[in-house]
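Letter by letter, the chains look like this.
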Amino acid sequence: MAVIDELLVANRRFSGAQPQHQLPMPPARKLAALACMGARLDPAQVLGLAKGDAHVIRNPGGRARDSVRSLVVSQRLPGTTANAVVRHPDCETLTFTNPTIHARIQDDRSADASDMDLLPFGNVEVIVREDLALLRYSTLITPDTEIRGFIYDVKTGGLSEVDTPVSTLTAHITR
């Protein structure tokens, strides 16, 4: 059976097994969680979120630059007031550079993707700090938004908070 067909079978079991409660549109905890799309990280589970608690936004590496649009909509319409940024070491986004992926696309698809920044990075803690700065100093994000960053340990399941000294934030916005 094809993978997508397996999903449809699972959905039939899911939709018939329990009544679907009507949840309000705004997230109950007024949280938007930004996380890497890596399969080893389930943001809802890691953060103890139930259905309806938060908006969960995912992309390769959990990059804020890719997610500002989603965070802005999350704040302006349903009224989220907190952003949690969650990354993990051993992320696939640490394993490539733009030129290597561009070359691979050229070889595999004969397509030029050289104008696409895939946002690779070399250090998880540094990139969490940079993304926290981007969000805290963005004119699109409400200034009183609680914005905090974490690194998820894929081996233990634990979170460690990334401290963001003012000097790091200032260095990021003056670049």
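The shown structure was predicted, so the numbers you read here are calculated from the model rather than taken from an experiment.

Undergrad: Is there a simple way to explain the sheet that holds strand β2 (residues 54-59) in this structure?
TA: By way of backbone hydrogen bonds, the strands of a sheet pair with one another, either parallel or antiparallel. Taken together, the 5 strands give an open sheet; going across it, the order is β2-β1-β3-β4-β5, and neighbouring strands pair in mixed fashion. Two strands close off the open sheet at either side, each with one partner strand: β2 and β5 (159-162). Neighbour-to-neighbour, the strand axes of the sheet open up by a mean angle of 25°, direction not taken into account. Packed on one face of the sheet, helix α3 (residues 68-76) meets β1 (31-36), β2 and β3 (82-87) and runs near 170° to β2. Most of the contacts of helix α5 (residues 124-136) go to strand β4 (residues 146-152), to which it runs at about 165°, and overall it touches β3, β4 and β5.

Undergrad: It is not clear to me how the nonpolar core should be interpreted in this structure. Could you clarify?
TA: Nonpolar side chains tend to gather and get buried jointly when the protein is soluble and globular. In terms of nonpolar packing, the biggest core is built from 24 residues, with Leu41, Leu71, Val128, Leu135 and Ile141 touching the most fellow members. With 5 residues, α5 is the largest single contributor of residues to this core. Leaving out residues up to four positions away in the same chain, leucine 41 has contacts with Ala35, Cys36, Val46, Arg58, Val86, His88 and Tyr152. Core analysis: the second largest hydrophobic core is formed by 5 residues, Leu31, Leu49, Ala82 and Phe150 among them.

Undergrad: Please explain α5 as it appears in this structure.
TA: Owing to its 3.6 residues per turn, the α-helix brings residues three or four apart onto one side. Taking 1.5 Å of rise per residue, 13 residues should cover 18 Å, and α5 covers 18 Å from first to last C-alpha, within 8% of that figure. For α5, the full list of buried residues reads Val124, Ile127, Val128, Arg129, Glu130, Asp131, Leu132, Ala133 and Leu135.

Undergrad: Got a minute to help me understand helix α4 (residues 98-109) in this structure?
TA: For α4, which comprises 12 residues, the first-to-last C-alpha distance of 16 Å matches the rise-based estimate of 16 Å (1.5 Å per residue) to within 8%. For α4, the complete set of buried residues consists of Asn98, Ile101 and His102. Each buried residue of α4 lies within a common arc of 105° when the element is viewed along its axis, so the set occupies one face. Counted as exposed and oriented over 90 degrees from the buried face of α4: Pro99, Arg104, Asp107 and Asp108.

Undergrad: Mind showing me how you'd approach the pattern of salt bridges here?
TA: In a structure, side chains of opposite charge can pair up when their charged atoms sit close to one another. As enumerated under the stated definition, the model contains 8 salt bridges in all. The salt bridge involving arginine 65 is made with aspartate 117; its shortest N-O contact spans 2.7 Å. Linking arginine 65 in the loop between β2 and α3 with aspartate 117 in the loop between α4 and α5, this pair joins segments that are 52 residues apart in sequence. Judged by relative accessible area, which is 49%, arginine 65 ranks as partly exposed.

Undergrad: I'm lost on a nonpolar patch on the surface in this one. Help?
TA: Where nonpolar side chains cluster on the molecular surface, the patch consists of Val3, Ile4, Leu7 and Leu8 and spans about 400 Å² of accessible area. Residue placement: leucine 8 occurs in helix α1 (residues 3-17). Owing to a relative accessible area of 44%, leucine 8 belongs among the partly exposed residues under this scheme.

Cut-offs used in this document
Residues numbered from 1 in each chain as written. Predicted model: local features only at pLDDT ≥ 70, side-chain atom pairs only at ≥ 80, totals over all residues. Heavy atoms only, no water. Pairing = 2+ DSSP bridges. Helix = DSSP H or I, 4+ residues; strand = E, 2+ residues; numbered from the N terminus. Axes fitted to C-alpha atoms, helices over the stretch in contact; angles between N-to-C directions. Contact = heavy atoms within 4.5 Å. Core = buried A, V, L, I, M, F, W, Y, C linked by side-chain atoms within 4.5 Å. Buried < 20%, exposed > 50% of the residue type's maximum accessible area, 1.4 Å probe, protein only. Expected span 1.5 Å × (residues − 1). Arc of directions from axis to C-beta. Salt bridge = Lys/Arg side-chain N within 4 Å of Asp/Glu carboxyl O. Patch = residues over 30% accessible without salt bridge, like charges linked within 9 Å, V, L, I, M, F, W, Y side chains within 5 Å. Areas by Shrake-Rupley, 256 points an atom, 1.4 Å probe, with all protein chains shown as cover.

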